[in-house]
Amino acid sequence: MTEAIRANGAPPSMANAFLSAIAAFALITAIQTFRAWWRLRHVPGPFLNSITPLVMTYHCFKGDITNYTHNLTVKYGQLVRVQPNVVVYNDPETFRRICSLKANYTKGLWFEFSRWDLDRYSCIAMRDNESRKDRKTKLLPAANLPFRLTYQHLQWAGQGLAVMESRVDSQVQSFLELTEKKYVSSAGILRPMEFGHRAQFYTLDVVTSVTFGRPFGFLHKDGDVEKYLETTEAMTPMFGVLGTLPWLVYVIHAWPLNKMMPGEGDKVGFGRLMKFASDQVQDRIESSNPGLAHDIISDYMRNGVEPEDVVQECITLAVAGSETTSVALRMALLAILTTPSAYNKLQSEIDKFYTNKEAADTSIISYTDTRNLPYLQAVIREALRLWPPSAGLFTKEVPRSGDTIHGYYLPPRTEVGQCVYSIGRLPRIWGTDHDVFRPERWLEASPEKLEEMQAAVDLVFSSGKYICLGKHVAWMELMKFFVEVLRRYDIAILNNAQPLKLRDPVTFLSTDFWITFTKRVN
Ligand code: HEM
């Protein structure tokens, strides 16, 4: 019968219609791929990357995305095409120019993933420069600065930072109490700590304490609270993958997938943080004098940020300020534990500092005093250089006028990503031993060289209009932690053959980082 219909010239069968649809789809895909390739065909990079984003997606899944991207810059030069519409650079000057106030670059589509409530935007997710400027300015006086701020100095500092410092101190204290209670080993008694998670507990409690006036309670429980970490640990690698396929934001933010986004009604996970933030804001609204509390919520509210937006900003703080700092903490600790000369020098510097002080002084070191510990600063800078916690591309979009980077014209809407990991390993700045953890380089450098090195490492906190709000909080957390822990304990790796398991789907995540603490003899 079918043969007969065909022979009589009847309409094509279902199979033919299907094949035609596939052929049409293949043709459209081929044309689009060709057009996408053509736009940036002059920028060097591997051919496969220039026709599909999936190579980068694969490396996110594989867990070596930063090293892979860095190797591309080594092979292809200062500007590399890593995806059909994405190029990556590793030059500090270009970084600062793109982030400067004058540049008309805007945030890339990827930042839309950092929206927690689809009716609202927090500053980090805002892509429009004017709205960002307006919001960020309102977030800044949260620091109660004694001088008038300019938009160029976009990070918390001044008196407000002093209030935050006391919150950091109480979480350092909580970490010490936890260690003393459960994790001090001695001859014949092994009580190891898995530091990967404890670093997260510490940084999450600091950031929630600074934001809401009280910690979420990870250190107190010495465990996950409301399955927050379990959920965010599953989500973090997805951020990397989604970064390579940013158009997925239109799918995820639309029905029916938007129904699956975390919400305040959730019993566990990220939604609990949203509910916690929302309750805290509501409390302040209902309280008779919300301005009395000394935390970020009250400061933001005083500055006229709408309550619903304050909730979004607080959630952003918890996300932006926790995993980043715990990566820095873990990698700096790993670096000194595996470099005995650095470990010994650091501990000696701390000991020397305390010989000049009252022997009974057990209070947490002040942020001001940590500045008198040059080797400690060098250790942290060196760790941030080698393992920047913000290793992702954080792409920005080329403005309507187009732009030229390192002689390559980039048409409007090209996404430009930074490779800050690669900046930390540029031979022209760091020398041929750029891969070596050597804090001494910071102490040996001439004033001009030091300035260049410092400016390059500072880029891990971004620059200009995108600069990290919590840079000083992060420094405080790191400096105080090392002083207080190393003056009390000797620390050692438990498993020398494999100190930890490291994966890098978007930043350096680690598990099984087992260490021991033993009390120091005075
Ligand atoms: C070592 C630790 C940290 C690193 C490396 C880091 C890095 C960064 C980077 C690179 C950005 C800019 C992203 C972009 O838009 O291109 C950023 C933004 C931000 N960070 Fe941090 N951060 C750290 C710790 C913190 C802490 C402790 C807090 C809060 C207490 C914090 C709060 C924020 C906020 C609110 C933003 C968004 C600023 C904006 O939208 O303009 N960060 N951070």
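Below is a summary of the structure that appears in this document.

Each value, and the rule that gives it
Residues numbered from 1 in each chain as written. Predicted model: local features only at pLDDT ≥ 70, side-chain atom pairs only at ≥ 80, totals over all residues. Heavy atoms only, no water. Buried < 20%, exposed > 50% of the residue type's maximum accessible area, 1.4 Å probe, protein only. Helix = DSSP H or I, 4+ residues; strand = E, 2+ residues; numbered from the N terminus. Pairing = 2+ DSSP bridges. Patch = residues over 30% accessible without salt bridge, like charges linked within 9 Å, V, L, I, M, F, W, Y side chains within 5 Å. Areas by Shrake-Rupley, 256 points an atom, 1.4 Å probe, with all protein chains shown as cover. Salt bridge = Lys/Arg side-chain N within 4 Å of Asp/Glu carboxyl O. Polar contact = N/O pair within 3.5 Å; in protein donor to acceptor, adjacent residues only side chain to side chain. Contact = heavy atoms within 4.5 Å.

Glancing now at the pairing of strand S9 (residues 415-418). Side-chain positions along a regular strand alternate between the two faces of the sheet. Because side chains alternate across S9, one face comprises the buried residues Glu-415 and Gly-417, and the other comprises Val-416 and Gln-418, equally buried. As paired strands, strand S2 (residues 86-89) and S9 are joined by four bridges and run parallel to one another. Note that in S9 the partner of Val-86 across the bridge is Glu-415. Two elements, strand S6 (residues 396-397) and S9, share two bridges in a ladder whose sense is antiparallel. Bridge pairing in S9 links Lys-396 to Val-416.

With that out of the way, let us pick up a nonpolar patch on the surface. On the surface, Trp-247, Tyr-250, Val-251, Leu-257 and Met-260 cluster together into a nonpolar patch covering about 570 Å² of accessible area. As for its placement among the helices and strands, Trp-247 is situated in the loop between helix H11 (228-244) and helix H12 (248-252).

A word on the pairing of strand S13 (residues 514-519). Strand direction decides the pairing type here: strand S4 (residues 184-185) and S13, joined by two bridges, are parallel. The residue of S13 that forms the bridge with Val-184 is Phe-517. Bridge count between strand S10 (residues 489-493) and S13: five bridges; the pairing is antiparallel. The partner of Ile-493 across the bridge, within S13, is Ile-515.

This part is about the side chain of Thr-203. Mapped onto the elements, Thr-203 comes out in helix H9 (residues 195-212). A polar atom in the side chain of Thr-203 sits 3.3 Å from the backbone oxygen of Gln-200. When residues no more than four places from it in sequence are discounted, the contact partners of Thr-203 are Gly-321, Ser-322, Thr-325, Ser-326 and Glu-477.

Everything listed here is a matter of coordinates, which is why it stays silent on function.
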